[in-house]
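# Residue-level structure breakdown
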Amino acid sequence: MDKRFMALGTSMLVLKLLENQSMYGYQIIKELDQQSQQVFSLQEGTLYPVLHSLEQQGAVTSAQKMADNGRLRKYYEITPQGSALLREKAAQWDTYQAAVNRVMGGVQFAR
């Protein structure tokens, strides 16, 4: 997939994953890869700037926690502000997708 298209929704997708549970970076990468059937395969160098930006916006918080394997990891968690941002981004995405579909002749894409 063209990286320019992916950049449009990366923060929305990360927030959506964090809506269900707090996760550490590599876990986010693997979950996004799996749920998207390998369409969204992020590198750490792509994910961490997104996470840092979301953290600066107050959309996520982070905390060092002990993982199940005994390693100390930085976990990210969505905030109420992040939930509101996710709703806003999802509404924008729906508007964008509907407009593209109208131009494409009503083509519906599988979700």
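Provided above is the structure to which this section pertains.
Structural notes, computed from the coordinates. All figures in this text were calculated on a predicted structure; none of them were measured in a lab. (Residues numbered from 1 in each chain as written. Predicted model: local features only at pLDDT ≥ 70, side-chain atom pairs only at ≥ 80, totals over all residues. Heavy atoms only, no water.)

### Considering the overall build of the chain
Scanning the chain from terminus to terminus reveals four helices and three strands. If you list the helices and strands of the chain from N to C, you get α-β-α-α-β-β-α. Every one of the 111 residues in the chain was classed for burial, and the buried ones make up 32%. A sequence separation of at least 24 residues applies to 45% of the contacts in the chain between residues at least 6 apart. (Helix = DSSP H or I, 4+ residues; strand = E, 2+ residues; numbered from the N terminus. Buried < 20%, exposed > 50% of the residue type's maximum accessible area, 1.4 Å probe, protein only. Contact = heavy atoms within 4.5 Å.)

### Structural notes on the pairing of strand β2 (residues 60–66)
Bridge count between β2 and strand β3 (residues 72–78): seven bridges; the pairing is antiparallel. Along β3, the bridge assignment pairs Ser 62 with Tyr 76. The hairpin turn running from β2 into β3, its antiparallel successor, is five residues long, and Gly 70 in that turn takes a positive phi close to 90°. (Pairing = 2+ DSSP bridges.)

### Quick look at the pattern of salt bridges
Opposite charge on two side chains permits pairing when their charged atoms draw close. Scanning the model with the defined rule gives one salt bridge in all. Across the pair Glu 19 and Lys 16 runs a salt bridge, and its minimum N-O distance is 2.7 Å. Placement of both Glu 19 and Lys 16 in helix α1 (residues 3–20) is noted, with a separation of three residues, approximately one turn of the helix. Looking at Glu 19, the relative accessible area reads 38%, which means it is partly exposed. (Salt bridge = Lys/Arg side-chain N within 4 Å of Asp/Glu carboxyl O.)

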